[in-house]
Amino acid sequence: MKKIKNLGSLLALIIIIFSCEELPDPAGLRGVAVVPAISDINPGIFDSKDLENSYVEFVITVPEGTNPDKITVLGSYQDHFERVTITEVTSYPATVRVRSSDIAQKLGIALDVIKNGDVFTLELITLAKGLATRSTAVLFIPVACAYDVDLAEGSYHSVSPDWNSEGNITLTADPDDPYKIYVTGIEEIEGLVEDQGPLVMYINPATYNVTVPEKVVSSVAWDYGSISYSGSGTYSSCDGSYTMHFDISLSKYGNQGKFLFTFTRNP
């Protein structure tokens, strides 16, 4: 029994020794990866009307005090798994310009098969101190028409089955900012006076996403107090239409929910 006890003690000691030995982290190296960022995207689309010459441009930055060996920009198309190297940068910040014709050629895609609504993806691979890591900074580039302010303003037809609203409205671009759009008539459809309007929409020039800060449009909305709108949506640069989701609030009863509105150009 004594020998067995001694043997057990020896095994326990071996287990303790090995448990104290540092083992590899299954998640890989921690705290050494450089995390780059993508900013200043302009333009942020490939112009479907000129894919031969269209491009996107952006800036790659890295955290202060870091200097990765290189950052590789990878490109892909739609939901295809293939990724190809588009370019590499070794100094930071780096301004990168990617042409639609170049990425299509490297992916083996003919320009004439690319259509509106298709999406290219750019990803970053960082090499620093021998460690290659994939960045969370990903840029999605839609294929769309270039922005034309004349197509973004004018006489529109507004429809909202959710809010039970339909009628004509007017969109007007700010003379000093073509991406700032004034909306008038959205509550005149309801027979109200827009004494606090107009509603203002801001189109992001890189993505064509639309944001609408909260704005009281009419100070008297039936017996419900004032009515205000806020929300977000998208602008289609090819046909000038808007798909918006508005949060509508009444001062006496609070937020009424989110409602879908579509604005389409009148003939």
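Residues numbered from 1 in each chain as written. Predicted model: local features only at pLDDT ≥ 70, side-chain atom pairs only at ≥ 80, totals over all residues. Heavy atoms only, no water.

Engineer: Mind laying out the packing of aromatic side chains, listing which residues take part and the relevant values?
Structural biologist: Counted under the stated rule, the structure contains 16 aromatic pairs. With 6.2 Å between their ring centres and 70 degrees between their planes, Tyr229 and Phe261 make a pair best called edge-to-face. Highlighted residues: Tyr229 in strand S14 (residues 227–235) and Phe261 in strand S16 (residues 254–265), separated in sequence by 32 residues. Judged on exposure class, the residue Tyr229 and its partner Phe261 are both buried. Ring centres of Phe246 and Phe263 lie 6.2 Å apart, and the angle between their planes is 40 degrees; on these two criteria the pair is classed as tilted. Taken together, the positions of Phe246 in strand S15 (residues 242–250) and Phe263 in strand S16 put the pair 17 residues apart, joining distant regions of the chain. Of the two residues, Phe246 and Phe263, neither departs from the other in class, the shared state being buried. Three or more aromatic residues link up through ring pairs in this structure, and these residues are Tyr147, Tyr156, Tyr179, Tyr208, Tyr229, Tyr235, Tyr242, Phe246, Phe261 and Phe263. The aromatic ring of Tyr55 is capped on one face by Arg97, whose charged end is 3.8 Å from the ring centroid. (Phe/Tyr/Trp six-rings, centres within 6.5 Å; stacked < 30°, edge-to-face > 60°. Helix = DSSP H or I, 4+ residues; strand = E, 2+ residues; numbered from the N terminus. Buried < 20%, exposed > 50% of the residue type's maximum accessible area, 1.4 Å probe, protein only. Lys NZ or Arg CZ within 6 Å of the ring centre and 35° of its normal.)

Engineer: Let's hear about the pattern of salt bridges: which residues, and what values?
Structural biologist: Under the defined criterion, the tally for this structure stands at 6 salt bridges. One salt bridge connects Lys115 with Asp118, and the closest N-O pair in it is separated by 3.3 Å. In this structure Asp118 comes out as buried when scored by relative accessible area, which is 2%. Note that Asp247 is salt-bridged to Lys258, the shortest N-O span being 3.0 Å. Taken as a pair, Asp247 in strand S15 and Lys258 in strand S16 lie far apart in primary sequence, 11 residues in all. Looking at Asp247, the relative accessible area reads 21%, which means it is partly exposed. When salt bridges with common partners are traced through the structure, they connect Arg83, Glu123 and Arg134 into a single cluster. (Salt bridge = Lys/Arg side-chain N within 4 Å of Asp/Glu carboxyl O.)

Engineer: Before we move on, could you go through the state of the cysteines and cite the residues and values that matter?
Structural biologist: Under the criterion given, the structure shown has 1 disulfide. A sulfur-sulfur separation of 2.2 Å characterises the disulfide bridge that pairs Cys145 with Cys238. Since a negative S-S torsion denotes a left-handed disulfide, the Cys145-Cys238 link at about 100 degrees is right-handed. Of this pair, Cys145 sits in the loop between strand S8 (131–144) and helix H3 (149–152) while Cys238 is found in the loop between S14 and S15, placing the two residues 93 residues apart along the sequence. Take Cys238: its relative accessible area is 31%, and that puts it in the partly exposed class. (Disulfide = S-S within 2.5 Å.)

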